[in-house]
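Summary of the model geometry
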Amino acid sequence: MSDFIVRQPCLEREGTFAGALCSAEATGLYGVDRPGVAWDWMKQTGQAPCGVDWVRPLVADAWMRCVEDHALPTGLDFPPRQRQSDGFVPEIDATSRAASGAVASHLSAMIYDLGSLLDDADVTLLLADAAGRVIHLLDSGRRIWAGGMQMARIGADWREASLGANGVGTAALLREPVAFAGKEHFNAALHRCATAGCPISGPDGGIVAIVGVICDRPDAARLLLGFLKVARRLLEASLFERMSCDGFLLRLRCGDEAGGGPLSAGRLFIAQNGRVCGADRDALDILGAGDGVAILGKDAAATIGVDLPALNAASDAADIVTLVARAGGRSVAAEVHRTAKRRSAPTVSSGASPAGEGAPRHPANAFDGAWSDSVLDSALRKATGLQERNISILITGESGVGKDHLVRRLHASGPRKDRPLVAINCAAIPRELIESELFGYEGGSFTGARSKGKAGKFVEADKGILFLDEIGDMALDLQATLLRVLDSSEVTPIGSSKPIRVDVRVVAATNRSLQEMVQKGAFRRDLYYRLNGVQLRLPSLRERPDRLRLLAHLFRLEQEALGVTETMCFEDEVWRIFDRHPWPGNIREARNVLRSSIAVARGKLIAIDDLPVDFLQELNADCPGAAEACQSASRDAQCAQQGDETSFDLADWEARAVRFALASSNGNIAKAARNLGITRATLYHKMARFGLRSDKRIVSKR
């Protein structure tokens, strides 16, 4: 971490800035958006204001560092600096990933609890290494602001020296929780947001990661900071217990002062060699050990008055031991728990080696042991219990995350496993045919109908499960009919007046925000609440901290499917690409990339040249297509800032994405669908809805 100096106010420029403030007061701006006035003055003069009357001291100091120490341009909107020219590449080296892996693993378990909150609040939760480079994301961040694609991605550099004053980078620099609101950010790209960051400490007291939050509400900075402080306590407690291997975990109590709750109990770890190897913030406070230098790495008997025989005896007898506090010599009671030695105990180090040094040939433990998808298993356990109680299930997530796979596993493990599973893609069937597909028809009921008629999907799924995929693409008039069938459990085929009683469990899935569609009138509110008994969200591949292990598992499956008997592996750089890639097509894209790489590889070692070209273009932000996409996003952001926000709704953004995909692929439907992460049938449906054609002379990149 680079050193910084807390400067005294610069008196030589204070008079100039005071004049600007007096002018602002004279024009009626006094007391209104003070950081905005100060930022505008900095933009005009190219100098950071030194007075703290209109910005907090934290903000004034951060702006001063941005101008004088980091030499960042004032008043501009710029993406995170990549700095390939000076040798810095935003990659995650082995040490950083080992240090933050334990924290990231807990985020995987939290994703189902936080998922609905993140969706409703438009909040992005990210995890960065100790230097401020993003290593994990919850939510893509692309909905928050137009430039989110560049900033909220794996490997993005959020350091203050790269992005200017922001919650994540400044927290990494100052090693304390901070938050910035609106124009308190040095970078204009963040003025529509609030950012907050909070360092996560390891058992040895070193900073191992930064947990950050981005929100599209600038006035929510303090709320975000409070949330992160609570989250830090929980994460550090879980991290401490995960790292406490092969020794003794002590839970400290200090009379009534420490309380009995999980957040107030101090934790201390003593290794088998009798040395204190870990202490959390509460333990240091209870023992009066300051920053921990006095006890960490020292002999426990000499520093806190407890030896290994006493710990062994207390652990065997489920008794407590008495420690001696450093300050005042008072006694501190502690419960003793023996911790087992794990087969591959994780280690945490607050240091970071240069990127690429000592990088493994494949991610640690990626190919070790049997694969268990904890994310899918957790969703499956919830869905199975809901199905037994006849509660409607709505599965949400981007295209390709495995929604159909979850439904198949739910059917195979549920109470209706011996009954049929019938799936229908509401986006792939033309609007004129979907009613007959769902509800069936009588013979001769319309031109082209079969003489004997046809049973609909509801009748085929009787006593079983009906999976309605892409439910958000169903027409409004059919939504009313579907709601009536779900409420009455009766289906009336087209051309018939006699209803048919059915017993069907309906599971719906969508990659769209049905709440937004309800607000815009594109989806019936009553049907939404009928389908949304409980909502299960599957995270995208880029959001999963176990994505490398999942890719290793998929790699084995693809080798077996292709009949490859010899052992194949990837180059180190390929794993780094896999880790940083945004994976817009998620698991579906991953299987295609792995399959094609295996097929074209010339030997046992798969190199970068064996990866699909379009896959690499998605990663490279400097390719023409990505550069133009970024420029387009920047233009859209400027339009929004100029008060034209209402002209861009969800359908407009979707139409722009389809146009760009068609133009980038020169009208190749298969390639455009693959880039969008959808099927060709879905792409044809969207093209018809937006009035687009695949002819490259007609489709433009506007």
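Above: the structure in question.
Notes on the structure follow. Every value quoted in this text rests on a predicted model; they were computed, and no experiment measured them. (Residues numbered from 1 in each chain as written. Predicted model: local features only at pLDDT ≥ 70, side-chain atom pairs only at ≥ 80, totals over all residues. Heavy atoms only, no water.)

1. Considering the overall build of the protein chain
For the protein chain, the count of helices and strands is 26 helices and 21 strands. Split into buried and exposed, the 702 residues of the protein chain put 50% on the buried side. The contacts in the protein chain between residues at least 6 apart in sequence include a share of 67% that link residues at least 24 apart. Here the protein chain has roughly 31700 Å² of accessible surface; of this, 51% comes from carbon and sulfur atoms. (Helix = DSSP H or I, 4+ residues; strand = E, 2+ residues; numbered from the N terminus. Buried < 20%, exposed > 50% of the residue type's maximum accessible area, 1.4 Å probe, protein only. Contact = heavy atoms within 4.5 Å. Areas by Shrake-Rupley, 256 points an atom, 1.4 Å probe, with all protein chains shown as cover.)

2. Some remarks on the environment of alanine 607
Take alanine 607: it is sitting in the loop between strand E21 (605-606) and helix H22 (613-619). Residues alanine 607 and glutamate 571 lie 36 residues apart in sequence; the distance between their C-alpha atoms is 5.5 Å. Each residue touching alanine 607, except ones within four places of it in the same chain, is listed here: Glu571 and Val574.

3. So, the packing of aromatic side chains
According to the stated counting rule, one finds 9 aromatic pairs in the structure shown. Taking the centre distance of 4.5 Å and the plane angle of 45° together, the rings of phenylalanine 555 and phenylalanine 570 count as tilted. Linking phenylalanine 555 in helix H19 (residues 547-561) with phenylalanine 570 in strand E20 (residues 569-570), this pair joins segments that are 15 residues apart in sequence. The class of phenylalanine 555 is buried, set by a relative accessible area of 0%. Arranged with centres 5.7 Å apart and planes meeting at 50°, the rings of phenylalanine 578 and tryptophan 583 form a pair that is tilted. Here the two residues phenylalanine 578 and tryptophan 583 agree in accessibility, since each one is buried. An aromatic cluster is built from Phe555, Phe570, Trp575, Phe578, Trp583 and Phe615, whose rings are joined through pairwise contacts. (Phe/Tyr/Trp six-rings, centres within 6.5 Å; stacked < 30°, edge-to-face > 60°.)

4. As for the sheet that holds strand E19 (residues 534-537)
With parallel pairing, 5 strands are arranged side by side in an open sheet as E12-E15-E18-E11-E19. In this open sheet, the two edge strands, each paired with only one partner strand, are strand E12 (421-425) and E19. For this sheet the average axis-to-axis angle between neighbouring strands, irrespective of direction, equals 20°. Across 4 bridges, strand E11 (residues 393-396) lies against strand E18 (residues 505-510) in parallel orientation. Its bridge partner lying in E18, leucine 394 is registered against alanine 508. (Pairing = 2+ DSSP bridges. Axes fitted to C-alpha atoms, helices over the stretch in contact; angles between N-to-C directions.)

5. Some words on the pattern of salt bridges
One pass over the structure, following the stated rule, counts 30 salt bridges. Here arginine 159 and aspartate 157 are joined by a salt bridge, their closest N and O atoms 2.9 Å apart. Exposure class is identical for arginine 159 and aspartate 157. Each is buried. Notably, a salt bridge pairs aspartate 614 with arginine 674, separated by 3.3 Å at the nearest N-O pair. In this pair, aspartate 614 is assigned in helix H22 and arginine 674 in helix H25 (residues 669-676), connecting sequence segments 60 residues apart. Classification of aspartate 614 by relative accessible area gives buried; the value is 15%. A single salt-bridge network, built from bridges that share partners, covers Arg416, Asp503 and Arg505. (Salt bridge = Lys/Arg side-chain N within 4 Å of Asp/Glu carboxyl O.)

6. Side note on the packing of helix H12 (residues 374-388) against helix H13 (residues 403-413)
Close contact between H12 and H13 brings their axes to 10 Å; oriented N to C, the two are set at 50°. With respect to H13, the axis of H12 lies oblique. For the element pair H12 and H13, the recorded crossing hand is right-handed. Across the interface between the two elements, Leu376, Asp377, Ala379, Leu380, Ala383, Thr384 and Gln387 of H12 pack against His405, Leu406, Arg409, Leu410 and Ser413 of H13. (Parallel < 35°, antiparallel > 145°, perpendicular 65-115°, else oblique. Left-handed = near helix turned anticlockwise from the far one by under 90°.)

7. Here's the deal with unusual backbone geometry
A positive phi angle, near 55°, is found at alanine 71, a position not held by glycine. Its place among the elements puts alanine 71 in the loop between helix H3 (57-69) and helix H4 (94-121). For alanine 71, a relative accessible area of 61% puts it in the exposed group. In this structure, lysine 463 takes a positive phi of about 70° despite not being glycine. Taking the relative accessible area as the measure of exposure, lysine 463 reaches 37% and is therefore partly exposed.

8. Here we look at the nonpolar core
Judged by nonpolar contacts, the single largest core of 38 residues is most densely connected at Trp63, Leu126, Val134, Trp158, Ala165, Phe186 and Ile210. Elements with a minimum of two residues in this core: helix H2 (34-45), H3, strand E1 (123-128), strand E2 (134-138), helix H7 (167-174), strand E3 (178-181) and strand E5 (207-215). When residues of this core are assigned to their parent elements, the largest contribution, 6 residues, is made by H3. The residues contacting leucine 126, other than those within four sequence positions of it, are Val134, His136, Leu137, Trp158, Val168, Ile210, Val211, Gly212 and Ile214. One finds Phe439, Leu486, Val504 and Leu527 within the second-largest nonpolar core, a separate group that totals 31 residues. (Core = buried A, V, L, I, M, F, W, Y, C linked by side-chain atoms within 4.5 Å.)

Any link to function would need more than the numbers given here.
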